[in-house]
4 protein chains.
Amino acid sequence: MAGNIFGHFLRLTSFGESHGPLIGGVLDGFPAGLEIDVKALALAMEKRRPGKGAFQTARNESDIPELVSGVYQGKTTGAPLAFIIRNQDQRPADYDKLEQFYRPSHAGYSWDAKFGFHDPRGGGRSSARETAVRVAAGALAAQLLAKYDISLTAFTEQIGNIRIDYANSAIDAASVAESPLRCPDATAEPEMNRLLDALKQDGDSTGGVVGCFIKGVPAGIGEPVFDRLQADLAKAMMSINAAKGFDYGDGFAAAAKRGSEHNDPFTGTENGLRPATNHAGGILGGISTGEDIFFRVAFKPVSSISKPQQTADKSGVVRELAIGGRHDVCIVPRAVAVVEAMAALVIADHMMISGRIPRNII
Amino acid sequence: MAGNIFGHFLRLTSFGESHGPLIGGVLDGFPAGLEIDVKALALAMEKRRPGKGAFQTARNESDIPELVSGVYQGKTTGAPLAFIIRNQDQRPADYDKLEQFYRPSHAGYSWDAKFGFHDPRGGGRSSARETAVRVAAGALAAQLLAKYDISLTAFTEQIGNIRIDYANSAIDAASVAESPLRCPDATAEPEMNRLLDALKQDGDSTGGVVGCFIKGVPAGIGEPVFDRLQADLAKAMMSINAAKGFDYGDGFAAAAKRGSEHNDPFTGTENGLRPATNHAGGILGGISTGEDIFFRVAFKPVSSISKPQQTADKSGVVRELAIGGRHDVCIVPRAVAVVEAMAALVIADHMMISGRIPRNII
Amino acid sequence: MAGNIFGHFLRLTSFGESHGPLIGGVLDGFPAGLEIDVKALALAMEKRRPGKGAFQTARNESDIPELVSGVYQGKTTGAPLAFIIRNQDQRPADYDKLEQFYRPSHAGYSWDAKFGFHDPRGGGRSSARETAVRVAAGALAAQLLAKYDISLTAFTEQIGNIRIDYANSAIDAASVAESPLRCPDATAEPEMNRLLDALKQDGDSTGGVVGCFIKGVPAGIGEPVFDRLQADLAKAMMSINAAKGFDYGDGFAAAAKRGSEHNDPFTGTENGLRPATNHAGGILGGISTGEDIFFRVAFKPVSSISKPQQTADKSGVVRELAIGGRHDVCIVPRAVAVVEAMAALVIADHMMISGRIPRNII
Amino acid sequence: MAGNIFGHFLRLTSFGESHGPLIGGVLDGFPAGLEIDVKALALAMEKRRPGKGAFQTARNESDIPELVSGVYQGKTTGAPLAFIIRNQDQRPADYDKLEQFYRPSHAGYSWDAKFGFHDPRGGGRSSARETAVRVAAGALAAQLLAKYDISLTAFTEQIGNIRIDYANSAIDAASVAESPLRCPDATAEPEMNRLLDALKQDGDSTGGVVGCFIKGVPAGIGEPVFDRLQADLAKAMMSINAAKGFDYGDGFAAAAKRGSEHNDPFTGTENGLRPATNHAGGILGGISTGEDIFFRVAFKPVSSISKPQQTADKSGVVRELAIGGRHDVCIVPRAVAVVEAMAALVIADHMMISGRIPRNII
């Protein structure tokens, strides 16, 4: 009950700190019989490190998850699927001088209020390092979903005030993968790069928005009332570091629309009825409609900035604080992989709850 | 695992359908020793029925929850706190003619895909009737929270394209209570009324946004990583019928901001440090800071409209559908009470998880 | 987290007190599509009241569960399957004079330590009245299991020092049903009757043992490590009032056996291998083998006796206490139905976890 | 939902297989602020390996848990308390020849039915190797409980037909620790040794019973109805490999007793009332009374025996099977540590649920 276990049926337990020896995850409930593609797993980890230099932290994380439980002769066994990721680059010294301050808008302040303690070596459990476990677990879930023809594509929709326009569902996964910023829009990406460059010069940071499409989810997934598919997706997304908002389908924009405008009428097809439009974002009444699921996640600007801030130190005296060390200018390109991973966990969980993926052996 | 139980420590089980004999809820984990204010409970139920006429459905729901378990001589006993609310106004006949269609953007379509069935008598469990249970349970949680000086105020922030501006935390609970639209802004409310009037004439509907402030939550509430306070709030809100988006603090607006602009510097006070501003919305790293918690929930326009829609009937033939019966023009004024109730459940749950409210007896 | 919700996937929420207006239960996760046999449900409730007079309390409980949620036109809908049972015979007056004492070996003492309170009107939630909810819920689960050819038969194995011998699996369900003591042994039953008669004269009580066979469970049900089938059965049984012990297969007797004696060798059949004997009791490594599951539950003597006891009153003075009112001489004949019901819930839960009973619609 | 997570509030996730690279555990919910005694942890692991030779398997398991998360500068941080234990002695070759058979009364048969697979290298997750994780986690929980003056002592009560008599609560922890068989009775132990010696000669095995006392648990721990303290203890114990029965207080013997004999009258003390006797075993109505908690766990004889068995091989032909390799003659002396560990987890969990051990920081 301390927040390190996620999911209903397929449950991820996460452990480890940013500056401990390792981090890891345990997936309980993963069915037997899936051949794990170890290369694809390693590749998925790379997605979390898109920036080959410029705007992400230089920390060297090769981040290859070692599967230590639940796989025999390359296949899952039904035992807990566990992995560890060794921390290779522990430089706690960077953080020592920060001990006189709580960094503004950083978790240290509230975690101290809770535990009388926060790990000075880079955030401990509140560090974004923890999201590597999510990405690994999500990649394993995505391999399971792929067997059921479900695919997920998250992408950078907005960085700072630069936002891409796109037709519903028309995001191309290959373009996302090729873009260092995970932005599939060839016009917007250079602008985003210029913005990030300027911010870096200025020692400042920015926020942004990640979008995500899920294709292939059959109709009938999700539970009524409290465990609606969008509720579990929202929880998953809002549990990611720096996430500030979630919406799906037309989302916040739906608030200003009329029913006659927002409703998705039905059309007859050879396979029966289906909605002709998808303002709903693939979910009605908490349950999937069979259409693409679409949602967005807003992220705040990175709180650790080198630009000097006027803030009280722990003794209450206002002083200038300039945070050194390695920090992203914008978390969004990295967060794309985390959003995709968490979505994979939620969808795999609900596929299992609904019995569409068997519990014991696939 | 079918989505009718909510919460970690303080758990609400919800049951009953819109056109069955009754609906009800069971709060497991509610501590012993709280004197229940039955009048306040009845009053809270009224909040869900703000519109004395114009823009909400005319359905007569006196909605007095009968406490059937967990109270002895006016005080809670530690036994499950259970209540039932009788359905007094069952008119399934309204819905019979709709059986040839799935209503566009209504849960009937996806629920049929799941259960091979949906209750034609007004939605069953997918009906907004179910939210009466949430409001009753939330009112009980709010009475518990009041003992710990925690108060919640939800309000109408936006209806259609009419939106109020307000300074952070400056919403007056009394103004909200007095407004039939739950809108504390004396300028905006008449505009909203005019909009709703026009839509009603047109047989159309609109969406909107509910805001909510929570005051008095001590620092240190919420769990790291997956059960962050904002994650549980997001899940709670996105489980409400018609909710399409959630954000907190600066929310989606934070995406376009710079770190230097969004960060909340600390200031020294006689009681120690506290953030000088509250862009964070009262939560850092998933854990409360002691500042006001603030979040917003977007709602889509009501899908049942009397304005004719072109949509395929169940045989696949596109026909004109005009939905009669009682339907809100905008759900937002009603949703205010539901948002407040769900927030109360989440905060009470986390107060108990953190041990700030004792499990056994207060 | 307060103990009133049972199960992993199929979850029972129980509420209500012995002397409140009603008790009830909510089964969340029950699949859609089962035609409920209301008569069989009423009959199952009768099983909890086997003694037409002599050795059970005279309380008049007609105990017909009213289905208030989750059933439409006679079939389950996938919505929470909820029922209420009205309390018809509230005589709190019986208990008033007991308020000067804690009854020896009664829950009042420990519940007061927890909640600062116990319901003087007959035990509240600690009353055996609460088991009526379990029996109703278990009867619904048993109807579901019957569709999958799984049957359960609990019976009286021992009352006081009178114990029946029986060959493994050779209990006849019809003989159990006909026996007022739920004892299928025509020799032992009259002896048990004589013992109970003598104890009644003496104002005393006795304990006993309930056995239970479950037939038709397919191989492969149950989860490794912590949620082994026997672990969940043990929890279910030890949660019943007055239960003091649980064992399965050869149980405690296995402790004195040799491996060569206790092992079940395999034999080849036309349907493949199966164990030639069943010392295991139908479960190996926590997972069903396909053989009959067999377990036993020991019950302590009823603590409320009219025979005078020397015990300290609440002021600490030792006085004579003679407890009047209606009390069973032996709980075992009633407990048979409760054991069967709890077993049905556990097996249905694990059938659903393993996907053998579909989640959404059968 | 696959059985590898245990507990309500303090939750243990277990992972790893007997012949993989490592096994491990994650304790979520462990409070911050406990100084971990690493030496005591290592010592506790030794308890699981009591027989320095004779009757336990010769497998060399140094079994030092490495704390990889949740500890900083020797103290717990509130982050998940995770540890790994490397497997140092992987000899899968021993098991290869067994692949033609299902071993009688071994989990391989039922696990294959579930997962279409079982790990031939010594049982995988069904191996007793998994219990090392429980012992490590339980030792950490016991260190937490010691801060609250709660101690646990499990011991060998019976091996085969040799059983010790002891007055309630009069077991001496030091005598248990000194005995290689974990049997505090100087008369019975040599007899047990002789029995084990004879069985070893004979290539056979035997079962036994472990008793356990818990001292210092305050009154008021445990939850009503389903999560009674004895129900959670029963589940914990019946989840241990080879456990066949559980009882507490007078247990199965209570079945033959009269109420007047079994009831515990109250006596007045300077600290208020308390039961004068403890037939109840320290729990009434599911909630602790403040008296010693006492329970027993029966274990079956080890199923892997070198004595030849007539059993069908996987093709259905009955052949002689003689199982070589390292196997205990009796699991009981090892199981003592596992019983103690699981009890520590249950008590710590309920101490936290009841708020007697704080959630955030001790």
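Here, every reference points to the structure presented above.
Reading guide: rules and limits
Residues numbered from 1 in each chain as written. Chains lettered and ligands numbered in written order. Predicted model: local features only at pLDDT ≥ 70, side-chain atom pairs only at ≥ 80, totals over all residues. Heavy atoms only, no water. Contact = heavy atoms within 4.5 Å. Buried area = accessible area lost by both parts, 1.4 Å probe. Salt bridge = Lys/Arg side-chain N within 4 Å of Asp/Glu carboxyl O. Polar contact = N/O pair within 3.5 Å; in protein donor to acceptor, adjacent residues only side chain to side chain. Nonpolar A, V, L, I, M, F, W, Y, C, P; charged D, E, K, R; others polar. Pairing = 2+ DSSP bridges. Helix = DSSP H or I, 4+ residues; strand = E, 2+ residues; numbered from the N terminus. Axes fitted to C-alpha atoms, helices over the stretch in contact; angles between N-to-C directions. Least-squares fit on C-alpha atoms with pLDDT ≥ 70 in both. Phe/Tyr/Trp six-rings, centres within 6.5 Å; stacked < 30°, edge-to-face > 60°. Buried < 20%, exposed > 50% of the residue type's maximum accessible area, 1.4 Å probe, protein only.

Glancing now at the interface of chain D and chain C. Taken together, the contact pairs 107 residues of chain D with 108 residues of chain C. The junction of chain D with chain C conceals about 8,100 Å² of combined surface from both sides, 61% of it contributed by carbon and sulfur atoms. Linking chain D to chain C there are eight salt bridges. Linking K114 of chain C and E223 of chain D is a salt bridge whose minimum nitrogen-to-oxygen distance equals 2.9 Å. The tally of links between chain D and chain C comes to 54 residue pairs in polar contact (both at pLDDT 80 or more). Classifying every residue of the side of chain D that touches chain C by side-chain character gives 44 nonpolar, 38 polar and 25 charged.

Let us now look at the sheet that holds strand β8 (residues 151-159) of chain B. With respect to topology, ten strands assemble into an open sheet ordered β9(A)-β8(A)-β10(A)-β16(A)-β11(A)-β11(B)-β16(B)-β10(B)-β8(B)-β9(B), the strand pairing being antiparallel. Two strands close off the open sheet at either side, each with one partner strand: β9 (162-163) of chain A together with β9 (162-163) of chain B. Where strand β10 (residues 208-215) of chain B lies against strand β16 (residues 293-299) of chain B, seven bridges are found, and the strand directions are antiparallel. Within β16 of chain B, the position partnered with G208 of chain B by the bridge is F299 of chain B. Packed onto the sheet, helix α7 (residues 229-238) of chain A meets β11 (243-248) and β16 (293-299) of chain A together with β11 (243-248) of chain B and runs at close to 160° relative to β11 of chain A.

What follows concerns the relation of the copies chain A and chain B. Note on the identical chains: chain A maps onto chain B by a rotation of 180° and an axial translation of 0.0 Å, with an RMSD of 0.0 Å. Taken together, these values place the two copies in the relation of a two-fold axis. When the interface residues of chain A are mapped onto chain B, 100% of them again fall at the interface, so both copies present the same face.

In this section: the packing of aromatic side chains. Per the counting criterion, the structure on display carries 50 aromatic pairs over all chains. With centroids separated by 5.4 Å and ring planes inclined at 45°, the aromatic side chains of F6 of chain A and F226 of chain B adopt a geometry described as tilted. Of this pair, F6 of chain A sits in strand β1 (residues 5-6) while F226 of chain B sits in the loop between β10 and α7 (229-238), placing the two residues on different chains. Looking at F6 of chain A, the relative accessible area reads 8%, which means it is buried. Their ring planes at 50° and their centres at 6.1 Å tell us that F266 of chain A and Y102 of chain B sit as a pair that is tilted. Of the two residues, F266 of chain A sits in strand β12 (residues 266-269) while Y102 of chain B sits in the loop between α2 (93-96) and α3 (108-115), which places them in two different chains. Classification of F266 of chain A as buried rests on a relative accessible area of 3%.

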